[in-house]
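# Tertiary structure, described
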Amino acid sequence: RFGNGMYTSKTSSKAARYSHNGQPSKYKVMLLNNVAVGKTYQTQALILSVSFGLISEQVCGLPGTALNFDETCVYNDDAMRPTYLILYNA
């Protein structure tokens, strides 16, 4: 949606949709991260092209007409710090 980056959401049910196991298991794993977003570009658009030059800024997708839940995309590995590993029974 916002190009190649690391996507996060404050909404755990949205994040859970992207949790996939490589092998059959009744458990799923999710990371709870601290994310330093800094300067952001906020949008309700469904798709943004990387050609807009947003790589230098983090993108915050806001719920609205195109998004049901928030999502943030960061393009720098140093912007994300894993804090907790959550293992849950799916």
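For clarity, every value in this text was computed on a predicted model and none was experimentally measured.

### Remarks on the pairing of strand β4 (residues 58-61)
A two-sided burial pattern is seen for β4, the buried positions comprising Gln58 and Cys60 on one face and Val59 and Gly61 on the other. Across 4 bridges, the pairing between strand β3 (residues 40-43) and β4 is parallel. For Tyr41, the partnering residue across the bridge sits in β4 and is Val59.

### A word on the environment of Lys26
Mapped onto the elements, Lys26 comes out in the loop between α1 (12-16) and β2 (27-35). Separated by 62 residues in sequence, Lys26 and Tyr88 have C-alpha atoms that sit 8.5 Å apart. Excluding its chain neighbours within four sequence positions, the residues that come into contact with Lys26 are Tyr88, Asn89 and Ala90.

### Some thoughts on the sheet that holds β4
Within a beta sheet, neighbouring strands are joined by backbone hydrogen bonds and run either parallel or antiparallel to one another. If you trace the 4 strands from one edge of the open sheet to the other, you get β1-β5-β4-β3, paired in mixed fashion. The open sheet has two edge strands with one neighbour each: β1 (6-8) and β3. Ignoring strand direction, the axes of neighbouring strands in this sheet form an average angle of 20°. Where β1 and strand β5 (residues 71-74) come together, 3 bridges link them in antiparallel fashion.

### A word on the nonpolar core
Counting residues in each nonpolar core, the largest one holds 5 residues, listed as Phe2, Val59, Leu67, Cys73 and Tyr75. Residues within four places of Cys73 in sequence aside, it is in contact with Phe2, Gly3, Gly5, Met6, Tyr7, Gln58 and Val59.

### Looking at the pattern of salt bridges
All chains considered together, the criterion is met by 1 salt bridge. One salt bridge in this structure joins Glu71 and Lys14, with 2.9 Å as the shortest N-O distance. In this pair, Glu71 sits in strand β5 while Lys14 sits in helix α1, placing the two residues 57 residues apart along the sequence. Lys14 shares its class with Glu71; the two are buried.

### Thoughts on the confidence of the model for the protein chain
With 86% of its residues at a pLDDT of 70 or more, the protein chain has an overall mean of 81. Across the protein chain, strand β6 (residues 80-89) holds the top mean pLDDT of 93, while β3 sits lowest at 78.

### Considerations on a nonpolar patch on the surface
The grouping of Tyr27, Val29, Leu31, Leu85 and Leu87 at the surface amounts to a nonpolar patch, some 500 Å² of accessible area in total. Considering every element that reaches the nonpolar patch, the biggest residue donor is β2, with 3 residues. Topologically, Leu31 is positioned in strand β2.

Criteria and cut-off values
- Numbers given to residues run from 1 along each chain, matching the order in which its sequence is written.
- A pLDDT threshold of at least 70 governs which residues receive local features in this predicted model, and a stricter bar of 80 or more applies before side-chain atom pairs are shown or counted, although totals over entire chains, interfaces and linings include all residues.
- To obtain the side-chain values, all non-hydrogen atoms of the structure were included, while hydrogens and water were left out.
- Each residue's exposure class comes from its accessible area (1.4 Å probe, protein chains only) as a fraction of the maximum for that residue type: buried when under 20%, exposed when over 50%, partly exposed otherwise.
- Counting from the N terminus, the helices are the DSSP runs of H or I reaching at least four residues and the strands are the DSSP runs of E reaching at least two.
- One requirement defines pairing of two strands: DSSP has to find at least two bridges between them.
- In this analysis, two residues are considered to be in contact whenever any of their non-hydrogen atoms come within 4.5 Å of each other.
- Convention adopted: a line fitted to C-alpha atoms gives each axis, helices being fitted over their contacting stretch, and angles between N-to-C directions are expressed from 0 to 180 degrees.
- Residues belong to one nonpolar core when they are buried, are Ala, Val, Leu, Ile, Met, Phe, Trp, Tyr or Cys, and are joined through side-chain atoms within 4.5 Å.
- Salt bridges are defined by distance alone: a side-chain nitrogen of Lys or Arg within 4 Å of a carboxyl oxygen of Asp or Glu.
- The predictor rates its confidence in each residue with pLDDT, a number between 0 and 100.
- Each patch is built from residues that are more than 30% exposed by relative accessible area and take part in no salt bridge. Like charges join if they lie within 9 Å; nonpolar side chains (Val, Leu, Ile, Met, Phe, Trp, Tyr) join within 5 Å.
- To be clear on the numbers: accessible area is Shrake-Rupley with a 1.4 Å probe, and residue cover counts the displayed protein chains and nothing else.

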